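Descriptive analysis of the structure
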Amino acid sequence: MKTKKPGDSVAINTEIVLPNDTNVLGNLMGGRLLHWMDICAAVAAHRHCSRVVVTASVNNVSFNQPIRLGEIVTLQAKVSRAFTSSMEVFIDVWVENNTTGEKRKCNEAIYTFVAVDQMGNPINVPGIIPESDEEKQRFDGALRRRQLSLILAGKMKPAEATELKALFS
Ligand SMILES: CC(C)(COP(=O)(O)OP(=O)(O)OC[C@H]1O[C@@H](n2cnc3c(N)ncnc32)[C@H](O)[C@@H]1OP(=O)(O)O)[C@@H](O)C(=O)NCCC(=O)NCCS
């Protein structure tokens, strides 16, 4: 199967925060942002493998700063590493200042998607070769994050998590 570059999978989505997206303080609700991130990341995973993909796990989400009603939100998703049937996808989120147009990074998340056939069974995806320093850094960390996610899901024994153990030795 032909390998691909992270850049081949990039998905970008722009949203404006409307009243129905906010809590009583006028801030974007976390659940709405998770939904936007899920869709954007699914498009990136789909672009990588050209198959149906399902969300397997949401590994890292940080809500660092509130996003206000009326602000414009840009999400960028990119596959950081592909394993056998699963793909790790990074989502970076920026908010645009309505007056100056200046963008500030406000969130980051890491999702895992699995490519499936029509019966919902996992199928192989192309490998990925990182190019930029950031892509290489995210690629290298992906194995560690995968082991942590599988341990938390009860699908891997901690003793088998060699990459994680190496962090402490
Ligand atoms: C995701 C799903 C296809 C995995 O199927 P499965 O029978 O558990 O298959 P496997 O155990 O062989 O795992 C398949 C891949 O998923 C990965 N995976 C499964 N659970 C994972 C988790 N919690 N975190 C990270 N990766 C995970 C495995 O590591 C494996 O990756 P690999 O093929 O690259 O090595 C299946 O659990 C599923 O359909 N889940 C529901 C998906 C869904 O509906 N999502 C929307 C939720 S609202």
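Provided above is the structure to which this section pertains.
If you're wondering where the values come from, they're calculated on a predicted model, not measured in any experiment.

Once that is clear, we can look at the overall build of the protein chain. Of the regular secondary structure elements, the protein chain holds 3 helices and 5 strands. When the helices and strands of the protein chain are read in sequence order from the N terminus, they spell out β-α-β-β-β-β-α-α. Relative to the 2.2 N^0.38 estimate, which gives 15 Å for 169 residues, the radius of gyration of the protein chain is 17 Å and therefore close to what a compact globule would have. Taking the principal axes of its C-alpha atoms as reference, the protein chain extends roughly 50 × 35 × 35 Å. Within the protein chain, the fraction of its 169 residues that count as buried is 40%.

To continue, consider the site of the ligand. Lining the immediate environment of the ligand, one finds 17 residues, of which Thr55, Thr84, Ser85, Ser86 and Ser149 sit closest. Between Ser85 and the ligand, the recorded distance is 2.6 Å, taken from a side-chain N or O atom to an oxygen atom. Across the complex, the protein chains shield 56% of the 930 Å² of accessible surface that the ligand would expose by itself. Looking at the shell around the ligand, the elements that each hand over two or more residues are strand S2 (52-63), strand S5 (103-116) and helix H2 (133-152).

For the rest of this paragraph, the subject is unusual backbone geometry. Although it is not a glycine, Ser50 adopts a positive phi angle of roughly 55 degrees. Residue class for Ser50 comes out exposed when judged on its relative accessible area of 52%.

Here we have 5 strands laid out as an open sheet, ordered S1-S3-S4-S5-S2, and antiparallel in their pairing. The open sheet has two edge strands with one neighbour each: strand S1 (11-16) and S2. Here the average twist between neighbouring strands, direction ignored, is 25 degrees. As defined by bridge partners, strand S4 (residues 86-96) adjoins S5 across 11 bridges and the pair is classed as antiparallel. Paired with Val95 across the two strands is Arg104, which belongs to S5. Contacts from helix H1 (residues 30-49) reach S1, S2, strand S3 (72-82), S4 and S5 within the one sheet, and its direction differs from that of S3 by about 45 degrees.

It is worth spelling out the pairing of S3 at this point. The side chains of a regular strand alternate, first on one face of the sheet and then on the other. Here S3 lies mainly inside the structure; 9 of its 11 residues are buried. Here S1 pairs with S3 via 6 bridges, running antiparallel. In the strand pairing of S3, Glu15 is matched with Val73. Taking the residues that link successive antiparallel strands as the turn, the S3-S4 hairpin has 3 residues.

Here H1 contains 20 residues, and its C-alpha end-to-end distance of 28 Å stays within 8% of the 28 Å for a straight helix at 1.5 Å per residue. Here the buried face of H1 lies against S1, S2, S3, S4 and S5. Ser50 occupies a position one or two residues after H1 and carries a positive phi of about 55 degrees.

Glancing now at the nonpolar core. Nonpolar side chains in soluble globular proteins tend to end up buried together. Counting 32 residues, the largest nonpolar core has Leu75, Met87 and Ile91 as its most contacted members. Sort the elements by how many residues they give to this core and H1 lands first, with 8 residues.

So, about the state of the cysteines. Here a disulfide denotes a covalent bond joining the sulfur atom of one cysteine to the sulfur atom of another. Under the defined criterion, the tally for this structure stands at 0 disulfides. Cys106 provides the cysteine sulfur closest to Cys40, a residue in no disulfide bond, and the two sulfurs are 13 Å apart. Left unpaired, Cys49 is separated from the closest cysteine sulfur, that of Cys40, by 15 Å. When its relative accessible area of 9% is taken as the criterion, Cys49 is described as buried.

Looking at where Lys78 falls in the secondary structure, it is placed in strand S3. At a separation of 2.8 Å, a polar atom in the side chain of Lys78 contacts the side chain of Glu135. Dropping the residues within four chain positions of it, Lys78 is found in contact with Pro6, Gly7, Ser9, Val10, Ala44, Glu88, Val89, Phe90 and Glu135.

Definitions and cut-offs
- Residues numbered from 1 in each chain as written.
- Predicted model: local features only at pLDDT ≥ 70, side-chain atom pairs only at ≥ 80, totals over all residues.
- Heavy atoms only, no water.
- Helix = DSSP H or I, 4+ residues; strand = E, 2+ residues; numbered from the N terminus.
- Rg over C-alpha atoms; globule rule 2.2 N^0.38 Å.
- Buried < 20%, exposed > 50% of the residue type's maximum accessible area, 1.4 Å probe, protein only.
- Near = heavy atom within 4 Å.
- Polar contact = N/O pair within 3.5 Å; in protein donor to acceptor, adjacent residues only side chain to side chain.
- Areas by Shrake-Rupley, 256 points an atom, 1.4 Å probe, with all protein chains shown as cover.
- Pairing = 2+ DSSP bridges.
- Axes fitted to C-alpha atoms, helices over the stretch in contact; angles between N-to-C directions.
- Contact = heavy atoms within 4.5 Å.
- Expected span 1.5 Å × (residues − 1).
- Core = buried A, V, L, I, M, F, W, Y, C linked by side-chain atoms within 4.5 Å.
- Disulfide = S-S within 2.5 Å.

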